[in-house]
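# Descriptive analysis of the structure
Residues per chain are reported as follows:
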Amino acid sequence: MLSPLPAWPDVLLYPLLAAMLLWVGLTVIVGSLNRRSPWPGRVALVAVLPLLAMAHHELWVVAYDASIGGAYRAFVAGTFIWAWHELAFYSGVLTGPWRKPCPPAARGVKRFGYALGTHLYHELAVLAEVVLMVWLLGGGTNTLGLLVFALSWAMQHSAKLNVLLGVPRLNVELFPQHLRYLGSYWTPRVPSGFFIPSVSIATMLAIMLWLATWAHRLDPSGVRLALLASLVTLGAIEHWMLALPARRTVAVASSID
């Protein structure tokens, strides 16, 4: 079912506000649940399983829905599924086989291997999730939920690689106590050579998506493009903040970007 032609706030304002509210709200929730102990997060992880099932059902229901409503439903579902995986990581349920600080002598590829070991189960769960999403969509045209999940993963891992290779400051004190050992994989320094390409790609992708949004502003597909543009814009801003000088860095705990 097609939607009526959207007005400019439908394309340029409401998607951005929706993405920001979801991003900030779910980030605060995931961070708050794991601030003192992993157990509140683990309880919540199980308690919201019916909502997780509902989110997957939504992806299946709107797989062929090209309307504005279908775009928002897929966006919320994909974002919630990503938030669940992030909660699983930050609560210590899906991390990796290596749950210790980085050995002091580890350098280069060996250090990267230890870092991967802290996330391995999380990565495998994400891969399984992508396969499940593709199966649920069954060739449907509304792939927004899958794109949201995949882009969230890509932007988060781009930020993590930047942190691993070196950034001026990381607020390790914002990590949950049971994940503080992750701070040992980071060394404060000027941004590495990976920073400029990664932040440039994120920024250019955001600009291109906004331009595409404007080009399709009189079409329901413009709303889908605007939702993706909003998500990538938030990820690009997160990347730029990694390069701020230490005394000017704003403390932001990001769990779904």
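### Describing the nonpolar core
- By size, the foremost hydrophobic cluster in this structure holds 35 residues, and its most contacted members are Ile-81, Met-133, Phe-149, Val-163, Leu-179, Leu-182 and Tyr-185.
- Only helix H3 (38-47), helix H4 (49-61), helix H5 (68-90), helix H7 (120-137) and helix H8 (144-165) provide two or more residues apiece to this core.
- A per-element tally of this core places H5 first, with eight residues.
- Look past the residues within four positions of Ile-81 in its chain and what remains in contact with it is Leu-52, Ala-55, His-56, Leu-59, Glu-129, Met-133 and Phe-149.
- In terms of nonpolar packing, the next biggest core, distinct from the first, is built from 20 residues, Ala-19, Val-62, Leu-231 and Leu-234 among them.

### Looking at H5
- Given a rise of 1.5 Å per residue, 23 residues ought to cover 33 Å, and the 33 Å separating the end C-alpha atoms of H5 matches this to within 8%.
- A positive backbone phi angle near 85 degrees is found at Gly-92, which sits one or two residues after H5.

### Observations regarding the side chain of Asn-34
- Here Asn-34 shows up in the loop between helix H2 (14-33) and H3.
- Discounting residues that sit within four places of it in the chain, Asn-34 has contacts with Gly-41, Leu-87, Tyr-90, Ser-91, Pro-176 and His-178.

### Structural notes on the packing of aromatic side chains
- One pass over the full model with this rule turns up four aromatic pairs.
- Look at Phe-89 and Tyr-90: their rings are 5.2 Å apart centre to centre, the planes differ by 85 degrees, and that puts the pair in the edge-to-face class. Each member of the pair, Phe-89 together with Tyr-90, is buried.
- Seen from their ring centres, Trp-98 and Tyr-114 are 4.9 Å apart, and the 50 degrees between their planes marks the pair as tilted. Pair noted here: Trp-98 is in the loop between H5 and helix H6 (108-117) and Tyr-114 is in helix H6, with a separation of 16 residues, a long-range link.
- The exposure class assigned to Trp-98 is partly exposed, which follows from its relative accessible area of 25%.
- For Tyr-114, a relative accessible area of 23% corresponds to the partly exposed category.
- The ring of Trp-39 carries Arg-42 above its face, with NZ or CZ at 4.9 Å from the centroid.
- Sitting over the face of the ring of Phe-89, Lys-160 holds its NZ or CZ atom 4.8 Å from the ring centroid.

### What about the pattern of salt bridges?
- The tally for this structure, following the rule as stated, stands at one salt bridge.
- For Arg-73, the salt bridge is made with Glu-58, and the minimal N-O distance between the two is 2.7 Å. Here the residue Arg-73 occupies a position in helix H5, and Glu-58 occupies one in helix H4, the gap between them amounting to 15 residues.
- Taking the relative accessible area as the measure of exposure, Arg-73 reaches 35% and is therefore partly exposed.

### Quick word on the packing of H5 against helix H10 (residues 221-241)
- Axis separation between H5 and H10 bottoms out at 8 Å; the angle between their running directions is 25 degrees. Taken together, the axes of H5 and H10 are roughly parallel relative to one another. With respect to the hand of their crossing, H5 and H10 are arranged in right-handed fashion. Contact with H5, carried on its side by Ile-68, Ala-71, Tyr-72 and Phe-75, involves Val-223, Arg-224 and Leu-227 of H10 and no other residues of that element.
- Of the residues contributing to the contact of H5 with H10, the split by class is six nonpolar, no polar and one charged.

### Observations concerning the environment of Trp-84
- Looking at the element boundaries, Trp-84 is found in helix H5.
- Trp-84 sits in the buried class, given a relative accessible area of 16%.
- Along the backbone, Trp-84 and His-216 are 132 residues apart, and their C-alpha atoms lie at a distance of 32 Å.
- Once residues lying within four places of it in the same chain are set aside, the contact partners of Trp-84 are Leu-45, Val-48, Leu-49 and Leu-52.

### Observations regarding the environment of Thr-79
- Examined against the element boundaries, Thr-79 turns out to sit in helix H5.
- What makes Thr-79 buried here is its relative accessible area of 7%.
- Counting along the chain gives 69 residues from Thr-79 to Val-148, while the straight-line C-alpha distance between them is 6.5 Å.
- Within the structure, Thr-79 has its side chain in polar contact with the backbone oxygen of Phe-75 (distance 2.8 Å).

Rules used throughout
Residues numbered from 1 in each chain as written. Predicted model: local features only at pLDDT ≥ 70, side-chain atom pairs only at ≥ 80, totals over all residues. Heavy atoms only, no water. Core = buried A, V, L, I, M, F, W, Y, C linked by side-chain atoms within 4.5 Å. Buried < 20%, exposed > 50% of the residue type's maximum accessible area, 1.4 Å probe, protein only. Helix = DSSP H or I, 4+ residues; strand = E, 2+ residues; numbered from the N terminus. Contact = heavy atoms within 4.5 Å. Expected span 1.5 Å × (residues − 1). Phe/Tyr/Trp six-rings, centres within 6.5 Å; stacked < 30°, edge-to-face > 60°. Lys NZ or Arg CZ within 6 Å of the ring centre and 35° of its normal. Salt bridge = Lys/Arg side-chain N within 4 Å of Asp/Glu carboxyl O. Axes fitted to C-alpha atoms, helices over the stretch in contact; angles between N-to-C directions. Parallel < 35°, antiparallel > 145°, perpendicular 65-115°, else oblique. Left-handed = near helix turned anticlockwise from the far one by under 90°. Nonpolar A, V, L, I, M, F, W, Y, C, P; charged D, E, K, R; others polar. Polar contact = N/O pair within 3.5 Å; in protein donor to acceptor, adjacent residues only side chain to side chain.

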